[in-house]
Amino acid sequence: MFNKIIKRGHKKGSKSEDTSIGYAPPGNRSSGVVSTSNVVVNHASRVGPPGAGGANSAAPQSGGGAAPMMVAAAAMLPPPGGIESLPMLRDVPVSDRQTLFLRKLQICCYQFDFTDTLKSVREKEVKRQTLSELVEYIGSGSGKIHENVQEEMVRMISINIFRCLPPSAHENTGTEAIDPEEEEAYNDPSWPHLNLVYDLLLKYVMSQDTDTKVAKRYVDHSFVLKLLDLFETEDGREREDLKTILHRIYGKFMVHRPFIRKAINNIFYRFIYETERHPGIGELLEILGSIINGFALPMKEEHKLFLVRALIPLHKPKPVAIYHQQLSYCITQFVEKDYKLAYIVIRGLLKYWPVTNCQKEVLFLGELEEVLESTQSAEFQRCMVPLFRQISRCLNSPHFQVAERALFLWNNEHIVSLIAQNHGAILPVIFEALEKNIQSHWNQAVHGLTINVRKMFLEMDVELFEECQRQYEEKQARAQELEERREQAWRKLEEVAGEDMIRV
């Protein structure tokens, strides 16, 4: 099954599939589309050649044809005389609100230096209050927003959020990269304004008055790509808002769904095979957890390929502990949807099983238990021998947490039932590891748990247990005999060497 999935992945996609991920015939783009391609999201330390965008800049832009060159947007500075005070939207007649709304959007386009808290204090507060009022207005559903107002609103949002991200702590500092778990949390100084802009975008996407046929002209593929690039921000608060917004966009704009999945796929590929650094992997996996939960059955080959090519290899990078909880949830969702995928998942876990990292082994064992809970007997039988070879190595681990976590598998009733049905093949594989633990493991808790597991196997099949014990004793006797012969040979060599030295 694994090989079939891989082979099917090399088939040429249909024209309809190409269109769904951004390749549309020239001329299909509506003239009302607002272009946000003049705004680029990038780290300050990753400025590339002209036209280079973020991590996904190579992905297709919406509308087909040649993608416009992406250049940094020029900051819109407030006028020298200051920002004019405008009346509240609720204080003007309904007929004038759209015009006033546009003027307030213009105020929100002005950019300020938030690293200097004493600079432009009044103007910053005016912008903050204006943003807050716009969020309240959109959220209240006071009236349907005209199309030209939607265009200007998305433009304002783009100017504010699509910006050059500051470099990470490990970039351009001349120091070695440190563990992401040990990095200090970064708080963007402009967050009081950014938070309101994200709230406005969320209200706009969630509003019942927002017509997706109109909104998709502005919230297009280019917009979604730059939104995904923002997940590289070091500010966890911003990533949380991005996660919520992207999830809502995925739910509301069905036309964008294949494109969003493919773009996230590309982010994972770059993370796995190039950088191994991306602060937003956990949030992207949380979004995917909800998406996978909604997959229809029978599952498409596209989704199975995503599991094999992206999710399973995500166990390989060093910082897997940061996002392992979300990754494990996604993997478990696949197995619960289609139990036949359990074999592929278990073989994938064995492929990327850590050799020297004990903390990763504990995480893998926890995930393995969750997968086995949804595994049926037929799939279990296909992988039980290599699986329990690995488990036996974990049982003999000198790190007591690894050995203890492996022994905890026998506390799960479903796993014990699978083992009981196939104990004839499993006990010979694992018997030696159990005996070594009883004889020589230093940890008392591991010693006690091993005795309990050994007792369970004895109760399952006395004859098989005694046969395994006899074979183990014979193997030990042969090993002892071989060791004695080796020592005897060394003694003879020493005697001969001693005689030659005396003669000299």
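Residues numbered from 1 in each chain as written. Predicted model: local features only at pLDDT ≥ 70, side-chain atom pairs only at ≥ 80, totals over all residues. Heavy atoms only, no water.

### Quick word on the overall build of the chain
Consideration 1: Helices and strands together make up the secondary structure of the chain, namely 21 helices and 2 strands.
Consideration 2: The burial tally for the chain puts 46% of its 504 residues in the buried class.
Consideration 3: When contacts within the chain are restricted to residue pairs at least 6 apart in sequence, long-range pairs at least 24 apart make up 77% of them.
Consideration 4: Summing over all exposed atoms, the chain offers an accessible surface of approximately 25,900 Å²; the carbon and sulfur share of this is 52%. (Helix = DSSP H or I, 4+ residues; strand = E, 2+ residues; numbered from the N terminus. Buried < 20%, exposed > 50% of the residue type's maximum accessible area, 1.4 Å probe, protein only. Contact = heavy atoms within 4.5 Å. Areas by Shrake-Rupley, 256 points an atom, 1.4 Å probe, with all protein chains shown as cover.)

### Digging into the confidence of the model for the chain
Consideration 1: Chain-level statistics for the chain give a pLDDT mean of 84 and a share of 81% at 70 or above.
Consideration 2: Counting interchain partners and residues more than four positions distant, the pLDDT-below-50 stretch residues 9-41 has 82 contacts.
Consideration 3: Low confidence marks residues 44-74, where pLDDT is under 50. Its contacts with residues over four positions away, or in another chain, come to 68 contacts. (pLDDT = per-residue confidence, 0-100.)

### Examining the packing of aromatic side chains
Consideration 1: All told, the structure shown has 13 aromatic pairs when counted by the stated rule.
Consideration 2: Residues Phe-162 and Phe-223 carry aromatic rings whose centres are separated by 5.2 Å and whose planes lie at 70° to one another, so their mutual orientation is edge-to-face. A residue pair is termed long-range when its members are at least 10 positions apart, and Phe-162 in the loop between α5 (147-161) and β2 (164-165) and Phe-223 in helix α8 (residues 221-229) qualify at 61 residues.
Consideration 3: On the accessibility criterion, Phe-162 (3% relative accessible area) is buried.
Consideration 4: Using a relative accessible area of 1% as the deciding quantity, one classes Phe-223 as buried.
Consideration 5: Pairing Phe-271 with Tyr-323 gives two aromatic rings, centres 5.8 Å apart and planes at 75°, and the pair type is edge-to-face. (Phe/Tyr/Trp six-rings, centres within 6.5 Å; stacked < 30°, edge-to-face > 60°.)

### Details of helix α11 (residues 281-293)
An α-helix turns once per 3.6 residues; consequently, residues spaced three or four apart project the same way.
Consideration 1: In this model, α11 (13 residues) spans 18 Å end to end at C-alpha, consistent with the 18 Å of a helix rising 1.5 Å per residue.
Consideration 2: For α11, the tally of buried residues reaches 10 of 13 residues, placing the bulk of the element in the interior.
Consideration 3: Taken together, the buried positions of α11 are Ile-281, Gly-282, Glu-283, Leu-284, Leu-285, Ile-287, Leu-288, Gly-289, Ile-291 and Ile-292.
Consideration 4: Turning to α11, the residues buried within the fold contact α8, α9 (236-252), α10 (257-275), α12 (301-311) and α13 (320-337). (Expected span 1.5 Å × (residues − 1).)

### Focus: the packing of helix α14 (residues 342-351) against helix α15 (residues 358-373)
Consideration 1: Between α14 and α15, whose axes approach to 10 Å, the crossing angle comes to 170°. Classed by the angle they form, the pair α14 and α15 counts as roughly antiparallel. On α15, the residues touching Val-345, Ile-346 and Leu-349 of α14 are Phe-364, Glu-367, Leu-368, Val-371 and Leu-372. (Axes fitted to C-alpha atoms, helices over the stretch in contact; angles between N-to-C directions. Parallel < 35°, antiparallel > 145°, perpendicular 65-115°, else oblique.)

### Overview of the pattern of salt bridges
Consideration 1: This structure, assessed with the given rule, holds 21 salt bridges.
Consideration 2: A salt bridge links Glu-274 to Arg-270; the shortest N-O distance between them is 3.7 Å. Separated by 4 residues within a single helix, Glu-274 and Arg-270 lie in helix α10, roughly one turn from each other.
Consideration 3: The exposed category is assigned to Glu-274, whose relative accessible area is 61%. (Salt bridge = Lys/Arg side-chain N within 4 Å of Asp/Glu carboxyl O.)

### Some words on the nonpolar core
Consideration 1: The biggest cluster of nonpolar side chains holds 133 residues, and the ones touching the most others in it are Leu-227, Phe-268 and Leu-311.
Consideration 2: No other element matches the 10 residues that helix α6 (residues 191-206) contributes to this core.
Consideration 3: Residues within four places of Phe-268 in sequence aside, it is in contact with Ile-281, Leu-284, Leu-285, Leu-288, Phe-306, Ala-310, Leu-311 and Leu-314. (Core = buried A, V, L, I, M, F, W, Y, C linked by side-chain atoms within 4.5 Å.)

### Some thoughts on unusual backbone geometry
Consideration 1: In this model, Leu-297 is joined to Pro-298 through a cis peptide bond whose omega is 0°.
Consideration 2: Its location among the elements puts Pro-298 in the loop between α11 and α12.
Consideration 3: Within the chain, Ser-120 stands out as a residue other than glycine whose phi angle is a positive 55°.
Consideration 4: Note that Ser-120 resides in the loop between α3 (94-108) and α4 (121-140).
Consideration 5: If you check the backbone angles, Glu-276 has positive phi at about 60° while not being a glycine.
Consideration 6: Taking the relative accessible area as the measure of exposure, Glu-276 reaches 25% and is therefore partly exposed.

### Brief notes about the environment of Glu-367
Consideration 1: Within the element layout of this structure, Glu-367 appears in helix α15.
Consideration 2: A C-alpha to C-alpha distance of 9.3 Å links Glu-367 and Leu-327, two positions 40 residues apart in sequence.
Consideration 3: Those residues within four positions of Glu-367 in sequence are excluded, and the remaining contacts are His-315, His-324, Ser-328, Ile-331 and Leu-349.
Consideration 4: A polar contact is formed between the side chain of Glu-367 and the side chain of His-315, at a distance of 2.9 Å. (Polar contact = N/O pair within 3.5 Å; in protein donor to acceptor, adjacent residues only side chain to side chain.)

### Examining helix α21 (residues 462-503)
Consideration 1: Here α21 contains 42 residues, and its C-alpha end-to-end distance of 62 Å stays within 8% of the 62 Å for a straight helix at 1.5 Å per residue.
Consideration 2: The set of residues buried in α21 consists of Leu-464, Phe-465, Cys-468 and Tyr-472.
Consideration 3: Its buried side turned inward, α21 meets α19 (423-440) and α20 (444-460).
Consideration 4: Measuring from the backbone nitrogen of Glu-463 back to the side-chain oxygen at the start of α21 gives 3.3 Å, which picks out Asp-461 as the cap.

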